[in-house]
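So you can see what is in the structure, the chains are spelled out below.
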Amino acid sequence: MPNERLRAVMAAGGWTYEALAAKTEVDPKSVERWVNLNRVPRRTTALRAAEILGEDVHALWPAIRQPRKARGVSPDLEALYTQRADLPVSVFIDLFQQARHRIDVLVYAAVFLHEAYPRLNTLLTERAAEGCTVRIAVGDADSPNVQQRGQEERYGHGIDSRCRLALMHYQPLANTSGVELRTHGTTLYNSLYRADDQMLVNTHVWGVNAYAAPVWHLRRSAEGGMFDTYAASFDAVWDTARPVEG
């Protein structure tokens, strides 16, 4: 099946296979396969081509947004995303909406959730009312470990302000039955988003904001697997965290 969206964008801009190939530094036959056979280029090439064409890369090649299926590794690892920015926020929200027993969130700030989905507190309150245990741990803005993480990011801004903003977002939940809010001052190696037996693990990379780091989608398949490792990590940090009063 041809890539009709790419064909239309190229036609509208007067782009030939040869012209786009020259700009993206590939063979014209590769561009022809993108169009006629709906082949997906490498991510860096796709991003370059989309920029040249003035089009959203995911509109041209939706498959780039899809997770990579894990093969030959832990059965708990269901999918791998190259970076958190590849995940629509709906992935996180759908995960929480499916929860029936437990929701755990361990982050420094993750303010993107509230910014993209203002009903997050309402959703968590509804899940708690249905019997879910909700535990949320955000970074202590005054912790040296948290501040060090902010200094290591290459974007020129500290993380402490984002931690304070995250706490402001979650503060109204502090007196909600079934919801517990804490702050932690740990050196955090991963941000964790758990809903029952599923978990999104946003790895941390030195000098890089979390949105540009990979995400592992885990689903608990057996005792003692990757899922249990990260679940135990959450519990260990939770035990050191300080409760937030309403």
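See the structure printed just above.
Residues numbered from 1 in each chain as written. Predicted model: local features only at pLDDT ≥ 70, side-chain atom pairs only at ≥ 80, totals over all residues. Heavy atoms only, no water.

For P243, the position within the fold is in strand β9 (residues 242-243). Along the primary structure P243 and H184 are separated by 59 residues, whereas in three dimensions their C-alpha atoms are 9.1 Å apart. Sequence-distant contacts of P243, defined by excluding residues within four places in its chain, comprise L181 and R182. (Helix = DSSP H or I, 4+ residues; strand = E, 2+ residues; numbered from the N terminus. Contact = heavy atoms within 4.5 Å.)

Quick look at the pattern of salt bridges now. Taken as a whole and assessed by the stated rule, the structure comprises 12 salt bridges. Here E55 and R5 are joined by a salt bridge, their closest N and O atoms 3.0 Å apart. Placement of E55 in the loop between α4 (43-53) and α5 (57-60) and of R5 in helix α1 (residues 4-13) is noted, with a sequence separation of 50 residues between them. With relative accessibility at 22%, the residue E55 sits in the partly exposed group. Take R5: its relative accessible area is 43%, and that puts it in the partly exposed class. Notably, a salt bridge pairs R219 with E78, separated by 2.6 Å at the nearest N-O pair. Here R219, found in strand β8 (residues 215-219), pairs with E78, found in strand β2 (residues 77-81); they are 141 residues apart in sequence, far enough to count as distant. For R219, a relative accessible area of 36% puts it in the partly exposed group. E78 sits in the partly exposed class, given a relative accessible area of 26%. The network of salt bridges with common partners includes D104, R135, R194 and D235. (Salt bridge = Lys/Arg side-chain N within 4 Å of Asp/Glu carboxyl O. Buried < 20%, exposed > 50% of the residue type's maximum accessible area, 1.4 Å probe, protein only.)

Here we take up helix α10 (residues 160-170). R162, C163, A166 and Y170 are the residues of α10 that are buried. Take α10 and look down its axis: the buried residues cluster within an arc of 105°, on one side only. Lining the buried residues of α10 we find β3 (102-106), α7 (112-116), α8 (120-129), β4 (133-139), α9 (144-152) and β5 (179-184). (Arc of directions from axis to C-beta.)

A few words on the environment of F92. Structurally, the position occupied by F92 is in helix α6 (residues 89-98). With near-sequence residues (within four places) excluded, F92 lies in contact with R84, L87, F112, L113, Y193 and L200.

Turning next to α6. Turning to α6, its buried residues are F92, I93, L95 and F96. The buried side chains of α6 occupy one side of the element, clustering within an arc of 155° when seen end-on. Those residues of α6 that are buried lie in contact with β3, α7, α8, β6 (190-195) and β7 (198-203).

So, about the packing of α1 against helix α3 (residues 28-36). Across the interface, α1 lies against α3 with an axial gap of 7 Å and an inter-helix angle of 120°. Considering their axes alone, α1 and α3 lie oblique with respect to each other. Side by side, α1 and α3 meet where L6, R7 and M10 of the first sit next to V31, W34, V35 and N36 of the second. Of the residues in the contact of α1 with α3, the class split is five nonpolar, one polar and one charged. (Axes fitted to C-alpha atoms, helices over the stretch in contact; angles between N-to-C directions. Parallel < 35°, antiparallel > 145°, perpendicular 65-115°, else oblique. Nonpolar A, V, L, I, M, F, W, Y, C, P; charged D, E, K, R; others polar.)

Moving on to the nonpolar core. Residues L120, I136, Y170 and Y193 are the most contacted members of the largest nonpolar core, which totals 34 residues. Looking at this core, the elements with two or more residues in it are α6, β3, α7, α8, β4, α10, β5 and β6. Those residues in contact with I136 that lie beyond four places of it in its chain are V105, L124, Y170, L173, V179, E180, L181, R182 and W238. Formed by 19 residues, the second largest nonpolar core is a distinct cluster that contains L106, A137, V146 and F227. (Core = buried A, V, L, I, M, F, W, Y, C linked by side-chain atoms within 4.5 Å.)

Quick look at unusual backbone geometry now. One non-glycine residue with positive phi stands out, namely N38, at about 55°. As for its position among the elements, N38 is in the loop between α3 and α4. The class of N38 is partly exposed, set by a relative accessible area of 34%.

A few words on the packing of aromatic side chains. Counted under the stated rule, the structure contains five aromatic pairs. On the basis of an interplanar angle of 75° and a centroid distance of 4.9 Å, the ring pair of F92 and Y193 is categorised as edge-to-face. Placement of F92 in helix α6 and of Y193 in strand β6 is noted, with a sequence separation of 101 residues between them. Overall, the relative accessible area of 1% leaves Y193 in the buried class. Summarising the aromatic geometry, the rings of W216 and Y230 are spaced 6.1 Å apart at their centres and angled 80° between planes, so their arrangement reads as edge-to-face. Of this pair, W216 sits in strand β8 while Y230 sits in helix α11 (residues 226-240), and the two are 14 residues apart along the sequence. For W216, a relative accessible area of 25% corresponds to the partly exposed category. Taken together, the aromatic side chains of F92, F112 and Y193 make up a single cluster linked through ring pairs. The ring of F112 is capped by R84, whose NZ or CZ atom sits 3.8 Å from the centre of that ring. The cationic tip of R135 hangs over the ring face of W238; the distance from NZ or CZ to the ring centre is 5.4 Å. (Phe/Tyr/Trp six-rings, centres within 6.5 Å; stacked < 30°, edge-to-face > 60°. Lys NZ or Arg CZ within 6 Å of the ring centre and 35° of its normal.)

Interpretation in functional terms is not warranted from these geometric data alone.
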